[in-house]
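Take a look at the letters that make up each chain.
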Amino acid sequence: FTVGEVFNPRPEHFPMLLGPKGCFSCMFDFSTAFLGGSDKGWYAAEDVTPDRFKETCFASQKLVEGIGFYSNIIENHDEPRGASRYIPAGEQSETSKKLLAGLYFLLPGLPFIYQGQEIGMEDMPFTDISQVDDVNTISEYQVALDAGLEPKEALRLVCRLSRDNSRTPFQWDGSANAGFTAGGKPWLGVNPNYTRINLAQQRGREDSLYEFYRSLSALRKDPAYRESLVYGSLVPYLPEQKNLMAYYRKGDKTLLVCGNFQTAPQDMALPGKVKAVILNNLPRYEAEERALHLEGYQFLVLELE
């Protein structure tokens, strides 16, 4: 089983890369990782909006439709934390992180989870360039200084894309060094939010992000839904509705995956009668015959009749 790390493939390359005669069993989808980039440097990168994330996911999936599978990711060792990159600044919570998890995890393909993602680890709040080990970040920091930015602003902007965000010690618990080491000093500093974001605080807590990831994994393996979620087709639903990401997974059953990608509630038209609510990241569900009322960052998986 092979996973390809392929950059900037063109559409004509996909039959050579994937499928029965392809080079790889699957390949990482980096399409969202490159969003907002600038030729000027990291300091000039634009923030990723929910609608750009949605549009890019759907367009990327279309390229491999009928050919093969992606390895779906929202972060890895060379990218910032997905919860900090794809959720608007200041809106990170267990609810919004569950939404992001569900939307990428249930796309066609093989979902990969990077260490710390399953507990919602966030970007490191670097306060000085001396805290950074990543050579790319150090280089981009100099690019920003050469462009005339003040050191504090240069650091803030380039660290949005720093690889060291995902390389800080895993946050096991609330003890010293987040439980990563008892006697040594980690090669990178520990994120100061480790006392509230750690595995010990989430493991076994029914409504935690960690347990939600376990529910997503179990859902993909559930015999009742596996054929639709693993092998079924993807059809975008209401792609023009702002800050709403929704899509069908169609196989032996028709499932509707949907998420309100904002803090404010919004309504979504229902395409048919709901047979069952399979997964919900909030304790409540409100719908009328043809309308679904979504709370801020509410995520749902519905089976339709």
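An account of the accompanying structure is given in this report. (Residues numbered from 1 in each chain as written. Predicted model: local features only at pLDDT ≥ 70, side-chain atom pairs only at ≥ 80, totals over all residues. Heavy atoms only, no water.)

**With respect to the overall build of the protein**
Reasoning step 1: Secondary structure assignment for the protein yields 9 helices and 12 strands.
Reasoning step 2: For the protein, the C-alpha radius of gyration of 20 Å lies close to 19 Å, the compact-globule estimate for 305 residues.
Reasoning step 3: In terms of its C-alpha atoms, the protein occupies a principal-axis envelope of roughly 60 × 45 × 35 Å.
Reasoning step 4: Out of the 305 residues belonging to the protein, those deemed buried represent 51%.
Reasoning step 5: Within the protein, residue pairs in contact and separated by at least 24 positions form 65% of the contacts whose partners lie at least 6 positions apart. (Helix = DSSP H or I, 4+ residues; strand = E, 2+ residues; numbered from the N terminus. Rg over C-alpha atoms; globule rule 2.2 N^0.38 Å. Buried < 20%, exposed > 50% of the residue type's maximum accessible area, 1.4 Å probe, protein only. Contact = heavy atoms within 4.5 Å.)

**Description of the layout of surface pockets**
Think of a ball as big as a water molecule: rolled over the atoms, this probe shows where empty space is left.
Reasoning step 1: Space inside the largest pocket adds up to approximately 630 Å³.
Reasoning step 2: Ser 84, Ala 89, Asp 123, Arg 156 and Arg 160 are, among the 26 residues lining the largest pocket, the residues nearest its centre.
Reasoning step 3: For the lining of the largest pocket, the elements supplying multiple residues, two or more each, are α3 (82-86) and α6 (151-158).
Reasoning step 4: Its residues assigned to classes, the lining of the largest pocket comprises 12 nonpolar, 7 polar and 7 charged.
Reasoning step 5: Roughly 360 Å³ of volume is contained in the second largest pocket.
Reasoning step 6: The wall of the second largest pocket is formed by 19 residues, among which Ala 33, Phe 34, Trp 42, Asp 78 and Glu 79 lie closest to the centre. (1 Å grid on protein atoms, 1.4 Å probe; cavity = no way out; pocket = protein on both sides within 12 Å on 5 of 7 lines; lining within 4 Å. Points joined across faces, edges and corners; volume = space filled by probe spheres on them. Nonpolar A, V, L, I, M, F, W, Y, C, P; charged D, E, K, R; others polar.)

**Regarding the nonpolar core**
Reasoning step 1: One finds Phe 53, Leu 103, Leu 106, Tyr 247 and Phe 299 to be the most contacted residues of the largest nonpolar core, which totals 38 residues.
Reasoning step 2: At the level of secondary structure, the elements contributing two or more residues to this core comprise α2 (50-64), α3, α4 (94-105), α8 (209-221), β6 (244-250), β7 (254-260) and β12 (299-304).
Reasoning step 3: Considering each element in turn, this core owes the most residues, 6 residues, to α4.
Reasoning step 4: Judged by nonpolar contacts, the second largest core, of 15 residues, contains Phe 126, Val 132, Ala 144 and Ala 154. (Core = buried A, V, L, I, M, F, W, Y, C linked by side-chain atoms within 4.5 Å.)

**Some points on the sheet that holds strand β3 (residues 69-72)**
Reasoning step 1: Strand order in the open sheet formed by 4 strands is β1-β2-β3-β4, with parallel pairing between adjacent strands. The two strands at the open ends of the sheet, each matched to only one other strand, are β1 (3-4) and β4 (110-111).
Reasoning step 2: As judged from the 2 bridges shared by β3 and β4, these two strands associate in the parallel manner. By the bridge assignment, Asn 72 is partnered in β4 with Pro 111. (Pairing = 2+ DSSP bridges.)

**Focus: the pattern of salt bridges**
Reasoning step 1: Within this structure, the stated rule accounts for 15 salt bridges.
Reasoning step 2: Of the charged contacts in the structure, one is a salt bridge between Asp 51 and Lys 54, with a shortest N-O distance of 3.4 Å. Separated by 3 residues within a single helix, Asp 51 and Lys 54 lie in helix α2, roughly one turn from each other. The same class applies to Asp 51 and to Lys 54, which are both buried.
Reasoning step 3: Between Glu 94 and Arg 205 there is a salt bridge, with the nearest N and O atoms lying 2.9 Å from each other. Pair noted here: Glu 94 is in helix α4 and Arg 205 is in the loop between α7 (199-202) and α8, with a separation of 111 residues, a long-range link.
Reasoning step 4: Overall, Glu 94 belongs to the partly exposed group, its relative accessible area being 24%. (Salt bridge = Lys/Arg side-chain N within 4 Å of Asp/Glu carboxyl O.)

**Topic: the sheet that holds strand β10 (residues 286-287)**
Reasoning step 1: Here 3 strands make up an open sheet; going across it, the order is β8-β11-β10 and the pairing antiparallel. At either margin of the open sheet sits one strand with a lone partner, and together these are β8 (266-269) and β10.
Reasoning step 2: Examined bridge by bridge, β8 and strand β11 (residues 291-294) share 4 bridges and lie antiparallel to one another. Across the sheet, residue Met 268 finds its bridge partner in β11, namely Leu 292.

**Some details on the side chain of Ser 60**
Reasoning step 1: Structurally, Ser 60 can be placed in helix α2.
Reasoning step 2: Judged by its relative accessible area of 5%, Ser 60 falls in the buried class.
Reasoning step 3: Apart from the residues lying within four places of it in its own chain, the contact partners of Ser 60 are Asp 29, Ser 31 and Tyr 70.

**Considering α6**
Reasoning step 1: Along α6, the residues that are buried comprise Ala 154, Leu 155, Leu 157 and Val 158.
Reasoning step 2: Tucked inside the fold, the buried residues of α6 contact α5 (135-146).

**A word on empty space enclosed by the protein**
Reasoning step 1: For the structure on display, the rule yields 3 cavities of 30 Å³ or more.
Reasoning step 2: Along the walls of the largest cavity sit Asp 29, Ser 31, Thr 32, Phe 53, Cys 57, Asn 72, Ile 73, Ile 74, Tyr 104 and Leu 107, which together make up its complete lining.
Reasoning step 3: Residue classes in the lining of the largest cavity are distributed as 6 nonpolar, 3 polar and 1 charged.
Reasoning step 4: What the second largest cavity holds in volume is close to 50 Å³.

**Brief notes about the packing of α4 against α8**
Reasoning step 1: The N-to-C vectors of α4 and α8 enclose an angle of 20 degrees; their axes lie 10 Å apart at closest approach. Classified by the angle between their axes, α4 and α8 sit roughly parallel to one another. Crossing of α4 over α8 shows right-handed handedness. Along the contact surface, α4 presents Glu 94, Lys 97, Lys 98, Ala 101, Gly 102, Tyr 104 and Phe 105, while α8 presents Leu 209, Phe 212, Tyr 213, Leu 216, Ser 217 and Arg 220. (Axes fitted to C-alpha atoms, helices over the stretch in contact; angles between N-to-C directions. Parallel < 35°, antiparallel > 145°, perpendicular 65-115°, else oblique. Left-handed = near helix turned anticlockwise from the far one by under 90°.)

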